[in-house]
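Reading the structure
Chain by chain, the residues run as shown.
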Amino acid sequence: FTSQSCAAKKIKIEIKEKKEKKHKVDEDEIQKMQILVSSFSEEQLNRYEMYRRSAFPKAAIKRLIQSITGTSVSQNVVIAMSGISKVFVGEVVEEALDVCEKWGESPPLQPKHMREAVRRLKSRGQIPNSKYKKIIFH
Amino acid sequence: MSVSRARGGSCRTEKPVFAVETMADEEEDPPFEEDTEEAGGGTDGGQGKRKRLFSKELRCMMYGFGDDQNPYTESVDILEDLVIEFITEMTHKAMSIGRQGRVQVEDIVFLIRKDPRKFARVKDLLTMNEELKRARKAFDEANYGS
């Protein structure tokens, strides 16, 4: 009896401490971000604002998904899909910037950077592709 | 190619698709802006005549993620096609699992469980949405009497 309740108590305390630690880490993160953002140049602030605020229009995403399913979808689905699509864009753009830099070139990103970025992401399995062979780019 | 080139809408729509490869080597910068407004967008032959859905938003996004303040239209178009393909794939996959023929949040979460960034982002977004809904509800109830 008592050994079981002791073990259960221990686990409960561990979970609570982990939560508190995570809370503290989050607070540290927030503070660090504030310090970082307050030191941004105007150009950096502009870019950061675009990074935070840019989003896909919910109506267009909803229409797109519904045109594929033929049924209606919930608001949460639109929120989730828009969110991961933005992350996806970020992954492609960041990879393309890497390619651009590696090739000794500079922004604006050109189609060849985008295509090479997609090639690399695909080889790492970061781009879903359920078709065997699809020619997107010539 | 000139680095100071700011606008990207310079591809003529009559050019065949493979000309996109050589666009970067052009020394000339023809002042055609029509590509940005064109419903067809002739640089990517694969998608045909679909109207551009996210041009404005994608430009802002690309800048936010590190591209130039004025990204090339051709690059924006490529990204848009990529995003639409991504959403299409995810939707088809979601329809094939869980409750067939429907897309539910649980299915999406399941599909991206192996991708830490996307998984964390979806969790955050849904949590925030719940909090907002709760806050709005509490606000409305507080105002009910007045």
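Residues numbered from 1 in each chain as written. Chains lettered and ligands numbered in written order. Predicted model: local features only at pLDDT ≥ 70, side-chain atom pairs only at ≥ 80, totals over all residues. Heavy atoms only, no water.

1. As for helix α3 (residues 58–69) of chain A
Under the 1.5 Å per step criterion, the end-to-end length of α3(A) is 16 Å for 12 residues, consistent within 8% with the ideal 16 Å. Those residues of α3(A) not exposed but buried are Ala60(A), Ile61(A), Leu64(A), Ile65(A), Ile68(A) and Thr69(A). Projected down its long axis, α3(A) shows its buried positions confined to an angular sector of 165°, all on one face. Facing away from the buried side of α3(A), by more than 90 degrees, are the exposed residues Ala59(A), Arg63(A) and Ser67(A). Where the residues of α3(A) are buried, they touch α4 (75–102) of chain A together with α4 (73–96) of chain B. Gly70(A) lies just past α3(A) and shows a positive phi near 80°. (Helix = DSSP H or I, 4+ residues; strand = E, 2+ residues; numbered from the N terminus. Expected span 1.5 Å × (residues − 1). Buried < 20%, exposed > 50% of the residue type's maximum accessible area, 1.4 Å probe, protein only. Arc of directions from axis to C-beta. Contact = heavy atoms within 4.5 Å.)

2. Notes on the interface of chain B and chain A
The interface is formed by 58 residues belonging to chain B together with 57 residues belonging to chain A. Where chain B abuts chain A, roughly 5500 Å² becomes buried across the two surfaces, and 71% of that area is made up of carbon and sulfur atoms. Together, Met61(B), Tyr63(B) and Phe65(B) form the three largest contributors to the area buried by chain B at its contact with chain A, with a combined 13%. Counting every contact that joins chain B to chain A gives 2 salt bridges. Salt-bridge contacts for Lys118(B) lead to Glu91(A); the nearest nitrogen and oxygen are separated by 3.0 Å. In this structure, the connection of chain B to chain A is made through 7 residue pairs in polar contact (both at pLDDT 80 or more). Those elements that place two or more of their residues in the side of chain B that touches chain A are α1 (19–23), α3 (55–64), α4, α5 (105–111) and α6 (116–143) of chain B. Ranked by residue count, the leading element in the side of chain B that touches chain A is α4(B), at 17 residues. Here the side of chain B that touches chain A is built from residues that sort into 32 nonpolar, 10 polar and 16 charged. (Buried area = accessible area lost by both parts, 1.4 Å probe. Salt bridge = Lys/Arg side-chain N within 4 Å of Asp/Glu carboxyl O. Polar contact = N/O pair within 3.5 Å; in protein donor to acceptor, adjacent residues only side chain to side chain. Nonpolar A, V, L, I, M, F, W, Y, C, P; charged D, E, K, R; others polar.)

3. Considering the UniProt feature "domain: TAFII28-like protein" (unreviewed entry) in chain A
On the UniProt side, "domain: TAFII28-like protein" (unreviewed entry) is annotated at positions that read residues 35–120 of chain A here. Each end of residues 35–120 of chain A is marked by a C-alpha atom, and these two atoms are 35 Å apart; helix forms 77% of the span and strand 0%. (UniProt positions renumbered as here; feature names shortened; annotations may be inferred.)

4. A short note on the packing of aromatic side chains
A complete count under the given rule lists 5 aromatic pairs over all chains for this structure. Relative to Phe65(B), the ring of Tyr51(A) lies with its centre 5.6 Å away and its plane at 75°, an arrangement referred to as edge-to-face. One end of the pair, Tyr51(A), is in helix α2 (residues 42–53); the other, Phe65(B), is in the loop between α3 and α4, on a second chain. When its relative accessible area of 36% is taken as the criterion, Tyr51(A) is described as partly exposed. You can call Phe65(B) buried: its relative accessible area is 13%. Through successive ring pairs, a cluster of aromatic residues spans Phe40(A), Tyr48(A), Tyr51(A) and Phe65(B). Here the guanidinium or amino end of Lys86(A) rests over the ring plane of Tyr51(A), the centre of that ring lying 5.7 Å away. Against the face of Phe110(B) rests Arg113(B), its NZ or CZ located 4.0 Å from the ring centre. (Phe/Tyr/Trp six-rings, centres within 6.5 Å; stacked < 30°, edge-to-face > 60°. Lys NZ or Arg CZ within 6 Å of the ring centre and 35° of its normal.)

5. Digging into unusual backbone geometry
Between Pro107(A) and Pro108(A) the backbone carries a cis peptide bond, its omega angle lying at 5°. Examined against the element boundaries, Pro108(A) turns out to sit in the loop between α4 and α5 (111–123).

6. What to know about the layout of surface pockets
The volume enclosed by the largest pocket comes to roughly 810 Å³. Along its surface, the largest pocket is lined by 17 residues, and Tyr51(A), Arg52(A), Arg121(B), Asp124(B) and Met128(B) are the ones closest to its centre. Residue assignment for the lining of the largest pocket shows that the elements contributing at least two residues are α2 and α4 of chain A together with α6 of chain B. For the lining of the largest pocket, the leading source of residues is α6(B), giving 8 residues. Of the volumes computed, that of the second largest pocket is approximately 350 Å³. As for the second largest pocket, its lining consists of 16 residues, of which Ala55(A), Lys58(A), Ile79(A), Arg121(B) and Leu125(B) are closest to the centre. At the level of elements, α4 of chain A together with α6 of chain B are the ones that each hand at least two residues to the lining of the second largest pocket. Here the lining of the second largest pocket is composed, by residue class, of 7 nonpolar, 5 polar and 4 charged. (1 Å grid on protein atoms, 1.4 Å probe; cavity = no way out; pocket = protein on both sides within 12 Å on 5 of 7 lines; lining within 4 Å. Points joined across faces, edges and corners; volume = space filled by probe spheres on them.)

7. Remarks on the packing of α4(A) against α4(B)
Where α4(A) meets α4(B), the closest approach of the two axes is 10 Å, and the angle between their N-to-C directions is 135°. In terms of orientation, α4(A) lies oblique with respect to α4(B). Where α4(A) crosses over α4(B), the handedness of that crossing is right-handed. Residue-level contacts link Met81(A), Ile84(A), Ser85(A), Phe88(A), Val89(A), Val92(A) and Val93(A) of α4(A) to Leu79(B), Leu82(B), Val83(B), Phe86(B), Ile87(B), Met90(B) and Thr91(B) of α4(B). By residue class, the composition of the contact of α4(A) with α4(B) is 12 nonpolar, 2 polar and no charged. (Axes fitted to C-alpha atoms, helices over the stretch in contact; angles between N-to-C directions. Parallel < 35°, antiparallel > 145°, perpendicular 65-115°, else oblique. Left-handed = near helix turned anticlockwise from the far one by under 90°.)

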